Amino acid sequence: MESHREAPRMNDALVSTSPPSRFVDLIQTKVPARAEQFMARLYGEHALRLRDSTALDMRMQGFQLAGLHVARLSYGAPAFASMTQSHPGWIFSFLESGRVARLAGGRVFGPGESAVLAPDRLHELEMSADMQLLNLRVSDADMRQACTDLAGGERMADFRFVDAVPSGHAAGLALCRAVRALAELPSYGAGAQRLERSLKECVLFELLVAWPNSWSTSLADGEALPDSARRARDYMHAHLADLPTLSELARVAGVSVRALTRSFERHVGVSPMRYMNRLRLDRVHLELQQAEARSVTEVAMRWGFGHMGSFAAAYRERFGVHPSFTFKRR
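Residues numbered from 1 in each chain as written. Predicted model: local features only at pLDDT ≥ 70, side-chain atom pairs only at ≥ 80, totals over all residues. Heavy atoms only, no water.

Colleague: I would appreciate a short explanation of the pairing of strand S4 (residues 68-74) in the present structure.
Modeller: Looking along a regular strand, one sees the side chains alternate between the two faces of the sheet. With respect to burial, S4 is a largely interior element, six of its seven residues being buried. Direction of pairing for strand S3 (residues 58-65) relative to S4: antiparallel, over a ladder of seven bridges. Residue pairing in the sheet places Gln 61 in a bridge with Arg 72 of S4. Relative to strand S11 (residues 132-139), S4 runs antiparallel, the two being bridged by five bridges. Along S11, the bridge assignment pairs Arg 72 with Leu 134. (Buried < 20%, exposed > 50% of the residue type's maximum accessible area, 1.4 Å probe, protein only. Helix = DSSP H or I, 4+ residues; strand = E, 2+ residues; numbered from the N terminus. Pairing = 2+ DSSP bridges.)

Written as structure tokens, this is what we have:
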């Protein structure tokens, strides 16, 4: 008797077949110097040391897609790692297993917790032997462009993410979903670049909405900022080098100085001039990292800081280091 085997239905095939993954082996080494050099190329200058005489067994898998870099990392030994200078991107991390402690401040992370490291933030970490970390690296330029596209206007100079979220938080879940979507995207031929750019945009938009940040209110509600305050804010960004006065900003906004100040304090959280002062500090910080900068004083003066003592104090409060440190670390 002839038997007939029923052909699989499309839905059955989709359910039973595991999706492909872009993850590939990037490095496996027991040599600390090699591990250190590899991490420096990927994330910026690094220093790595082991506890006692424990043998390193570093392993990393990952891939790159449309300028985003995904990596799954483990050291296989108790280790200390530090980032020694500013780096060109945002690093989002999800701790899959083990323990990570920030030596500055004593914060300890456990499985399921997530954190983000800003481009201008340094760190020193102590990691357990069973640590496995999932990282997503996003360039600062891509993150700024995504926020501008999502919310509108030049609003990124004062941008900050909350640096850590607990296990089960929407931000960590969004990070894991983003990595999975990137990893499971098939490698197409024609049109692949446009598809990958579109997916990258979706990933960054989801992170911006899910991960608490300094613009969360505006991102959640594009109309949260009144038109008058929006006009003043946009004028600040466009004419920052001209150091507009509060009266000028009020005239551009079409309201009184008092009304503009109240509007900013209510919707932005700071006065217009304090907001503009942050923008000026951010411009100084950016220029001090560039090779063309000749001195801290020259850059500070160009952005309207005449008293070096007050400027240095404000800079240190904002970035955690003295301006000369940023200048020397170029």
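Colleague: Quick question: what am I supposed to make of the pattern of salt bridges here?
Modeller: Two side chains with opposite charge may pair up if their charged atoms get near one another. All told, the structure shown has 15 salt bridges when counted by the stated rule. With a shortest N-O distance of 2.1 Å, Arg 51 and Glu 126 are connected by a salt bridge. Separated by 75 residues along the polypeptide, Arg 51 in the loop between strand S2 (46-50) and S3 and Glu 126 in strand S10 (residues 123-127) bring together distant segments of the chain. Judged by its relative accessible area of 15%, Glu 126 is buried. A salt bridge links Arg 233 to Asp 234, with the shortest nitrogen-to-oxygen separation between them at 2.7 Å. Several salt bridges converge on common partners, so that one network encompasses Lys 30, Asp 57 and Arg 59. (Salt bridge = Lys/Arg side-chain N within 4 Å of Asp/Glu carboxyl O.)

Colleague: Is there a simple way to explain the packing of aromatic side chains in this structure?
Modeller: Remark: the centre distance and the inter-plane angle together describe each pair of aromatic rings, the angle taken between the planes. For the structure shown, the criterion picks out eight aromatic pairs. With a centroid separation of 5.2 Å and 90° between ring planes, the pair formed by Phe 23 and Phe 63 is classed as edge-to-face. Separated by 40 residues along the polypeptide, Phe 23 in the loop between helix H1 (10-16) and strand S1 (24-29) and Phe 63 in strand S3 bring together distant segments of the chain. In this structure Phe 23 comes out as buried when scored by relative accessible area, which is 17%. With 5.3 Å between their ring centres and 80° between their planes, Phe 92 and Phe 161 make a pair best called edge-to-face. Here Phe 161 lies in the loop between helix H3 (140-151) and strand S12 (164-165) and Phe 92 lies in strand S6 (residues 89-97), a separation of 69 residues in the sequence. Each member of the pair, Phe 92 as well as Phe 161, is classed as buried. Connected via pairs of aromatic rings, a cluster forms that spans Trp 90, Phe 92, Phe 161 and Trp 211. We note Arg 280 situated over the ring of Phe 305; from NZ or CZ to the ring centre the distance is 4.1 Å. (Phe/Tyr/Trp six-rings, centres within 6.5 Å; stacked < 30°, edge-to-face > 60°. Lys NZ or Arg CZ within 6 Å of the ring centre and 35° of its normal.)

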